[in-house]
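Here is how the chains run, residue by residue.
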Amino acid sequence: MSIYKSLALGFTALVAFGGPAAAADFPVRPIQVIVPYSAGGGTDLSARIMADVFKKHVDGGTIVVRDQPGGGGAIGTSAALHARPDGYTLGTGSQGPLALLPHFGGTDYSLDDVQFIGMMGWNLKLLVGCKDAPFSNFEEMMDYARDNPGQLQIGNSGAGGADHIAIEAFAKAADVDLEPVPFNGASEGMTACLGGHIDAMTSTPSEALPHAQSGAVTPLFIMSDKRIPDYPDTPTAIEGGVDFTWASWKGIIAPKGLPEDVLATLKDAFKATFTDPDFVSKMEEMGEFVEYRDGDAYRALAERDSNLAKEVIQDLGMYGMNK
Amino acid sequence: MDILQYIAPVFSLEVMQVIALGTLGGMIIGALPGLTATMGVALLIPLTFGMEPVLGLNMLIGIYIGGIYGGCISSILLRTPGTPASAATCLDGYPLAQKGQAGKALAMATIASFVGGIFAAVVLATLAPQLAAIALKFGPAEYFALALFGLTIIASLSGDLVKGAIAGLLGVLISTFGADPISGTLRYTFGVSGFASGFAFTPALIGLFALSEVFVQIEKILVDRKADVVKVSGSWPSGKDLRSSVPALIRGSVIGTILGIVPGTGSGTASWIAYNETRRSSKTPELFGTGHMPGVAATESANNAVCAAALIPLLALGVPGDVVTAVMMGGLMIHGLAPGPVLFQTRPDIIIGMFAGTFQATIFMFIFGMLGIRLFSRILLIPKRLLVMSIVAFCFIGSFAINLNVVDLYTMVGFGVLGYGMQKFGFSQAALCIALILGPMAESNLRRGLLQTHDNLVDFLSGPITLVFLGLTVLSLAWPLIRGGLARRRAAAANTTQQRVLL
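Just so it is clear, the structure is predicted and the values come from calculations on it, not from any experiment.

Some thoughts on the nonpolar core
Next, step 1: Grouped together as the largest cluster of nonpolar side chains are 244 residues, with contacts concentrated most on Met 141, Phe 170, Phe 221 and Phe 270 of chain A together with Tyr 64 and Trp 272 of chain B.
Next, step 2: The two domains that each donate at least three residues to this core are domain 1 (23–124 + 247–315) and domain 2 (137–222) of chain A.
Next, step 3: Setting aside chain neighbours within four positions, we find Phe 221 of chain A in contact with Leu 126, Leu 127, Phe 138, Met 141, Phe 170, Thr 234, Pro 235, Thr 236, Ala 237 and Phe 244 of chain A.

Printed below as a string of C-alpha cells:
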C-alpha cells in the first residue's frame, strides 16, 4: 500500500469519525453544558446535580459543566447557541438571557435561534421588606407606595435583569411609582436590605428564608399564583388585589439544527433526568422548585415572557438601547 | 463542656486529612495564575455533596485559605499574581526574589499569612456576632467613601505624581468599559459581545504584571546573556527583617480583618490598603517597591486575614464577606444549612467545627508553606530564557481558564503591551491596578446613592462612617505636605539647638 493510499484511508476514517454521529452511538464523548453564570451559583449547582443524575439515564452520558459568566448571562448563552449543532454542546437557558436581554439590543442571538429541549424548574421570586421599612405587610406597602410616589426603594440583583424587570412589571400592574435600586448581584442587595439601606428587596424564597426566620426581613408577597410551603403566611399579589405573577425558569437549550435522532435522544434523556425522584429531592433540599416541561411548552413559556418583558422594557425606554 | 464536644470531631484523622489535602490543593490552585481560590472552591463543591457537612465545609475552608496564600508564591517568584489578592505582593516580593532573596521573601510571606490568618481566626471565634454588625453599617455612601479613600493610595504609591494620576485615571476609565452598573447600558464594547462585562479583571492583571515583565526580561536577556539565572540563597529572614516587619504584620492583620468583615471589599482591596498604610507610617518609605520585607509582610498578612474575617458576616448574618464565601454559602445551602443567627442556635456543631477548621487550615498552610519554600524557589534556577516561555504559556492558559472567554486573551495581551509601555515610560502599574479594583466600587455606589437621595450630595455623604472615610481621604492626600512641614520644622529646631550648642 502506498503512503498516499494509507494517508487517504486514514483521512477518510477521520472524516467518518468526526462527522455527524447517528443516534445509536450518541453520545460517544462527553456532552458540554454551558452555564452562563459563575461557578457556585444556583444555576451552576443545579447543572452539576443534573450531570450527576444524567449518568443514570444515558449510557456513557457524561456531562461536563462549563461556566462562562458575563454580560448578565449573554456571553455563555451566545456561546451555546452558536456552537456546532451536534448535540455535544448544550446550554442552560434562563429567562434573563433568553427573554429579556435580546430586547435591550446587545445580544447576537434571539429566541428564534433557540432549540428548547426541556425545562428543569422555576426560580420563584419574593418581595421582602427590609430593616426599618415603614411597612410590614402587603397592604401597608401599597399604601406607602401610593402616598409616596417614587420614594419606595426596591433593591434588585442587577440592572436589566429578571428581578429588575419583574418589579417594573409589578409597578405597571399595580399602577404605582416605585424606585428600583440595582445592585451588583443578589447578595450585595440582600446585605443592603439587612442593613436598612433600602426599603424592600426582590429575592428568592431560599435566599430570604434564613433572614425571614431570624426576623431580619419581612416577607411581603410571593410573585407566584399560589402560596408556597416555606412561606404559608405570605400572600400572593393576586390576593392583595394586584393581577401580577412573575417567575423565572431554567432548562436545557441547544443551537437549532440538531440531527432529529440526537434531538429525540436528548429530549428523552433530560425528561428522565428532570423527573427522577433523586434529582427532585436533591434540588428541593437546595430550595429549588423542580417542574419538567417538554421543549414545546418550554418555548411557549419563553415566548410569553418575552412578549410581556418587551412591553415593560419599551415603557421604560430601554428597548434597543444597546443596539 | 459543650464546646469541646463540638471541637473534638474536627481533630479526628479523617477531618484533619481532608483539611490538609484541601489546604495543599488550595496552595497549588492559588499559585497557578488563572486558577483562583474562588474557582477552586466552586469546582469542588460537588465533591462535598456526599460528605458530612463539617467535613465538606472544612475542605472548602482549606482550599480558600491555601488558595489565598498560594497566590504569593507566583507573585514573588515570577511577578505573576496567582490570585488578584496577591497583586500587591509583586511590588516588594518580586524585587526581593530578583536580588537572590526568594527564600527569605517566601518565608516572610508565609509567616505573614500565618499571623494574619490566626489573628482573624481568633477574632472570628471570639467576636463574630459582635463584629458582624459592622457589615450592615455599610451602604452606598460608606462604600463610596471607602473606595475614594482607597484611591488616594495612587497619590502616595506613584513616585511621579502627574504620571501616577494619569495611570490612575486611565484605570478608572478602563473600569467603565462594559455594562453600566445602574442602567445596564453597554459602554465601549464596540459591538463585541464578549466585552459585555468589560475587561475581565484577572486576565487584565496577568497581562499588566506578568506578561509585561516577560517583555522586560526578554529585553534584558537580549542585552546581557549573563543575566540568565537568578541566585537563590537564604530561606529565613534575619532577626532584623522580622523585627522591622512587626508593625507591618499588625497593621496588615487588623486592616485585613476589618475589610474582611465589610462585605464586597475582599482581599485585593485589603492588601493594597495595608501596603499603603505600612509605607505611609514607615520611616523609610522610599525603600518600598525596591524589595523591602515589611512590604511583603503587610500585603500577605492582610489578604490572609481577610479569609477568616470574611467568614464572620457569612456565619453570623448569612451575608457573604467576599466572592469565595458567597460560593461557600452555596455549599452550605446544598446541605440544607442556611447560614445566619439561626444556625448558631440550631447547629452549633457546624459553626464551631468551621471555627476549628479555620485554625487547622491556617496551621497546615504554615507547615506546607515552610516545607515548600526550598522547592518553590528552585523555579528560579531555570534559565530565564526557558522560564519566560513557560510564563507566557501560563499567562494564556490562566486568562482563558477563568471565564473560558476568548476575548479575555485579547484583554491579557493588550494589558501586557500596556504594562510594558507603562514600565518603560515610568507610569505606575500599581496605580492602574488599584483604579481597576476600586473604580467600579466608587462609580456604582456613587450612582446608586445619588439615585436613592434623588441627586442630593449632602444627604448622600452625611453619615458618620462616610465622614470618617472622607476625612481620612483628605488627610491621606495632605499627608505628604504635613510630613514635609513637620520634617522642616524638626530640621529647623535641630538647627537652632545645634547652633546653641555651638555658641
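Once you've had a look at it, read on.
Notes on the domain arrangement of chain A
Think of interface size as the accessible area that goes away when the parts come together; that is how it is often given.
Residues and elements named next belong to chain A.
Next, step 1: On domain assignment, one finds that chain A holds domain 1 (23–124 + 247–315) and domain 2 (137–222).
Next, step 2: Computed over C-alpha atoms only, the centres of domain 1 and domain 2 are separated by 28 Å.
Next, step 3: The interface is formed by 13 residues belonging to domain 1 together with 11 residues belonging to domain 2.
Next, step 4: Summing the contributions of domain 1 and of domain 2, the shared interface buries around 820 Å²; its carbon and sulfur component is 71%.

Digging into the pattern of salt bridges
Next, step 1: Within the structure shown, the criterion is met by 27 salt bridges over all chains.
Next, step 2: For Lys 282 of chain A, the salt bridge goes to Asp 52 of chain A, with nearest N and O atoms at 3.2 Å. Of this pair, Lys 282 of chain A sits in helix H10 (residues 277–285) while Asp 52 of chain A sits in helix H2 (residues 42–57); the two residues are 230 residues apart in sequence, bridging distant segments of the chain.
Next, step 3: Asp 52 of chain A gets classed as partly exposed once you look at its relative accessible area, which sits at 33%.
Next, step 4: With a shortest N-O distance of 2.8 Å, Glu 219 of chain B and Lys 424 of chain B are connected by a salt bridge. Of the two residues, Glu 219 of chain B is situated in helix H10 (residues 201–223) and Lys 424 of chain B in helix H18 (residues 407–424); the sequence distance between them amounts to 205 residues.
Next, step 5: Since its relative accessible area comes to 28%, Glu 219 of chain B is described here as partly exposed.
Next, step 6: For Lys 424 of chain B, a relative accessible area of 46% translates into the label partly exposed.
Next, step 7: Sharing partners across several salt bridges, the network here consists of Asp 180, Arg 187, Glu 443 and Arg 447 of chain B.

A few points about the packing of helix H17 (residues 384–403) of chain B against H18 of chain B
Residues and elements named next belong to chain B.
Next, step 1: Two numbers describe how H17 lies on H18: the axes approach to 8 Å, and their chain directions differ by 135°. Considered as vectors, H17 and H18 are oriented oblique to each other. With respect to the hand of their crossing, H17 and H18 are arranged in right-handed fashion. Along the contact surface, H17 presents Cys 395, Phe 396, Ser 399, Phe 400, Ile 402 and Asn 403, while H18 presents Asp 408, Leu 409, Met 412 and Val 413.
Next, step 2: Grouping the amino acids of the contact of H17 with H18 by side-chain chemistry returns 7 nonpolar, 2 polar and 1 charged.

Conventions adopted
Residues numbered from 1 in each chain as written. Chains lettered and ligands numbered in written order. Predicted model: local features only at pLDDT ≥ 70, side-chain atom pairs only at ≥ 80, totals over all residues. Heavy atoms only, no water. Core = buried A, V, L, I, M, F, W, Y, C linked by side-chain atoms within 4.5 Å. Buried < 20%, exposed > 50% of the residue type's maximum accessible area, 1.4 Å probe, protein only. Domains from an automatic or database assignment. Contact = heavy atoms within 4.5 Å. Buried area = accessible area lost by both parts, 1.4 Å probe. Salt bridge = Lys/Arg side-chain N within 4 Å of Asp/Glu carboxyl O. Helix = DSSP H or I, 4+ residues; strand = E, 2+ residues; numbered from the N terminus. Axes fitted to C-alpha atoms, helices over the stretch in contact; angles between N-to-C directions. Parallel < 35°, antiparallel > 145°, perpendicular 65-115°, else oblique. Left-handed = near helix turned anticlockwise from the far one by under 90°. Nonpolar A, V, L, I, M, F, W, Y, C, P; charged D, E, K, R; others polar.

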